[in-house]
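Coordinate inspection notes
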Amino acid sequence: MDKFVIEGGERLAGTVRVGGSKNAVLPLLAATILQKGIYTIGNVPRLRDVNTMIRLVTLLGVRAEWVDKNRLRIDTTGVDNHVAPYEVVKEMRASVLVLGSLIGGMRKATVSYPGGCAIGERPINLHLQGLAALGCEVAIREGYVDVTANALKGGRVVFDAPTVGGTENILMAAVTAKGETVIENAAREPEVIDLVRMLKRMGAKIDGEGSDTITIKGVRSLTPCDYDVIPDRIEAGTFLAACGITRGNIVIEGCVPHHLKAVTDKLREAGMDIIEDGNSLRAAMTKKRPFAIDIKTTPYPGFPTDMQAQTMALMCISKGVSAITETIFENRMMHAAELRRMGADVRVIGNTAIVTGKDMLSGAKVMATDLRASASLIIAGLAAYGTTEVSRIYHIDRGYEAIEEKLKGLGAKISRRKDEGMGS
Ligand code: EPU
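As a starting point, this report considers the structure included with it. (Residues numbered from 1 in each chain as written. Predicted model: local features only at pLDDT ≥ 70, side-chain atom pairs only at ≥ 80, totals over all residues. Heavy atoms only, no water.)

1. Let's talk about unusual backbone geometry
Following Tyr300, the chain continues to Pro301 via a peptide bond in cis, the omega torsion being 10°. Along the chain, Pro301 turns up in the loop between strand S18 (295-296) and helix H10 (308-315). Of note, the phi angle at Arg122 is positive, near 50°, even though the residue is not glycine. Within the secondary structure layout, Arg122 lies in the loop between strand S7 (108-112) and helix H5 (125-133). Relative accessible area serves as the criterion here: at 27%, Arg122 is assigned to the partly exposed category. One non-glycine residue with positive phi stands out, namely Arg247, at about 55°. (Helix = DSSP H or I, 4+ residues; strand = E, 2+ residues; numbered from the N terminus. Buried < 20%, exposed > 50% of the residue type's maximum accessible area, 1.4 Å probe, protein only.)

Structure representation (structure tokens):
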């Protein structure tokens, strides 16, 4: 197992480029099994979760090959299996995204029922209710969700709450269903819109993406396509928080600034200067310490839960008291206890963390508990006095491509080492 060793105190400066979005590429890869043929997907980030999705679709009969550093050639002509096994699904919950595409492409899917994860229970009841509304028969057998869709037809799907994965699964199931499907209270995230854009390029008839009502008119067949993944807004946001905490001055290239509006608005309120410049963000922190800001995570276009942990790290050195409320996942505050080990004053009451800013954090040995928590601990380490060691960084490799190289390029003192104290 690897760990990161960080010597805090360097102000980040320079230019960094963000990669393709993890949460966009996973459903796009799943969508290739909707229609047999050859696809090329570009701007694919080299991440552990992407490798896991490739492993999964390979088991279904896909042949995937890297033709360039960030470009995949996907051949789905041999897809002949509809079973997503426990061994893969237990490693990555997003495996459940093949449910919709297997239904859309093969009219049957058997997918291991995903368990909870570190940040919450994460049920899939809304995915299954939505599939039932499209005429699917859904059964749970021996830990697997078994779905058959002999009479797949359009239907009205009303989500109790917006669900990103649920919206994506219903979209993929509905594109070849007979008749019209309407998804109400649909998720509006850019990653959902990206999936719709790829489906449209394949010939799907979809309207209303980006709003809370999406209408899909089923088509008889689709055509494979070439597609480039949108930039990762959470990776960009993570660099913004790192810039803020180190009083840095950086340019983030290759992003879509309006996808980050909720984040940049809040970071400006915290005292950062952020300028949108085409596909770049220029960010600088000239104040000694950020102002305290309050944050509440909500579905897009609100403040993203995937930026909550990183912003909490920034607030640990703010001038004042900040209230950070997590409304999406019930257990996404595990980084608070680790930040406390670095001298932060964080109290968690229910789903709100009260963070009283301190002058300084102090380096410590801390443990990553999930992907965004790892990013938060790295950010804290960049500003802490002394050395921070972040262990269990396999979490970060799930969702950030070469983060230590990118941070080093901005002047951070961070290195990846073998963690002798941990099993491998
Ligand atoms: N929910 C249900 N029932 C369902 C589906 C969802 O109760 O059937 C609940 C969830 O438990 C959660 C809320 O609805 O409380 C929202 O969950 P959603 O379905 O929107 O999340 P997801 O699709 O499982 C994606 C991202 C997450 C991101 C969330 C919210 C992917 C692969 N994952 O998860 O990304 O936090 O949307 O924006 O797209 C991350 O990248 O670190 C990450 C966790």
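Moving on from the model shown.
2. Focus: the packing of aromatic side chains
Per the counting criterion, the structure on display carries zero aromatic pairs. The ring of Trp66 has Arg46 sitting right over it, with the charged end atom 3.7 Å from the ring centre. (Phe/Tyr/Trp six-rings, centres within 6.5 Å; stacked < 30°, edge-to-face > 60°. Lys NZ or Arg CZ within 6 Å of the ring centre and 35° of its normal.)

3. Brief notes about the site of the ligand
Inspection of the region around the ligand gives 20 residues, with Asn125, Leu126, Thr163, Asp306 and Ile328 positioned closest. The contact in question runs from an oxygen atom of the ligand to an N or O atom on the side chain of Lys22, over 3.0 Å. The contact in question runs from an oxygen atom of the ligand to an N or O atom on the side chain of Arg332, over 3.1 Å. Tallying contributions element by element places H5 first for the shell around the ligand, with three residues. (Near = heavy atom within 4 Å. Polar contact = N/O pair within 3.5 Å; in protein donor to acceptor, adjacent residues only side chain to side chain.)

4. Brief notes about the packing of H10 against helix H11 (residues 334-341)
As a packed pair, H10 and H11 sit with axes 10 Å apart at the nearest point and diverge in direction by 25°. Of the possible angle classes, the one that applies to H10 and H11 is roughly parallel. Between H10 and H11 lies a crossing of right-handed hand. Seen from H10, the contacting residues are Gln308, Ala309, Met312 and Ala313; seen from H11, they are His335, Ala336 and Leu339. Split into classes, the residues belonging to the contact of H10 with H11 amount to five nonpolar, two polar and no charged. (Axes fitted to C-alpha atoms, helices over the stretch in contact; angles between N-to-C directions. Parallel < 35°, antiparallel > 145°, perpendicular 65-115°, else oblique. Left-handed = near helix turned anticlockwise from the far one by under 90°. Contact = heavy atoms within 4.5 Å. Nonpolar A, V, L, I, M, F, W, Y, C, P; charged D, E, K, R; others polar.)

5. Details of the environment of Met360
Mapped onto the fold, Met360 is located in the loop between strand S21 (352-356) and strand S22 (365-367). A relative accessible area of 48% means that Met360 is categorised as partly exposed. Taking the C-alpha atoms as reference points, Met360 and Gly104, separated by 256 residues in sequence, lie 53 Å from one another.

6. Observations concerning the sheet that holds strand S9 (residues 144-148)
The pairing of strands in a sheet happens through backbone hydrogen bonds and is either parallel or antiparallel. In space, the four strands of this open sheet follow the order S6-S7-S9-S8, with mixed pairing throughout. Looking at the sheet topology across the chains shown, the edges are occupied by strand S6 (83-84) and strand S8 (137-141). Here five bridges tie S8 to S9, and the two strands are oriented antiparallel to one another. Residue pairing in the sheet places Arg141 in a bridge with Tyr144 of S9. On top of the sheet, helix H4 (residues 98-106) reaches S6, S7 and S9; it is set at about 160° to S7, its chief contact. (Pairing = 2+ DSSP bridges.)

7. What about the packing of helix H1 (residues 22-31) against helix H7 (residues 190-201)?
Relative to each other, H1 and H7 sit at 30°, their axes nearing to 8 Å. Judged by the angle between their axes, H1 and H7 are roughly parallel. Crossing angle aside, the handedness with which H1 passes H7 is right-handed. Taken together, the residues of H7 that come into contact with H1 (itself represented by Asn23, Ala24, Pro27, Leu28 and Ala31) are Glu191, Asp194, Leu195, Met198 and Leu199.

8. Details of the nonpolar core
Met53, Val98, Leu171 and Leu199 are the most contacted members of the largest nonpolar core, which totals 73 residues. It is H1 that provides the largest number of residues to this core, a total of seven residues. Apart from the residues within four sequence positions on either side, Leu171 is in contact with Ile183, Val192, Leu195, Val196, Leu199, Ile206, Ile214 and Ile216. Formed by 65 residues, the second largest nonpolar core is a distinct cluster that contains Leu267, Ala270, Val355 and Leu371. (Core = buried A, V, L, I, M, F, W, Y, C linked by side-chain atoms within 4.5 Å.)

9. Digging into the environment of Asn169
Mapped onto the fold, Asn169 is located in helix H6 (residues 164-174). Separated by 42 residues in the primary sequence, Asn169 and His127 have C-alpha atoms spaced 6.8 Å apart. Setting aside chain neighbours within four positions, we find Asn169 in contact with Val96, Leu97, Leu99, Gly100 and His127. Polar side-chain contacts of Asn169 include one of 2.8 Å to the backbone nitrogen of Gly100.

10. A look at the layout of surface pockets
As a volume, the second largest pocket reaches approximately 310 Å³. Around the second largest pocket, the lining is made up of 14 residues, and of these Ile245, Arg247, Asp359, Met360 and Ala383 lie nearest the centre. Counted by class, the lining of the second largest pocket contains six nonpolar, two polar and six charged residues. (1 Å grid on protein atoms, 1.4 Å probe; cavity = no way out; pocket = protein on both sides within 12 Å on 5 of 7 lines; lining within 4 Å. Points joined across faces, edges and corners; volume = space filled by probe spheres on them.)

11. Let's talk about the side chain of Thr311
With respect to the helices, strands and loops of the structure, Thr311 is situated in helix H10. Take Thr311: its relative accessible area is 2%, and that puts it in the buried class. Once residues lying within four places of it in the same chain are set aside, the contact partners of Thr311 are Ile293, Ile295 and Phe303.

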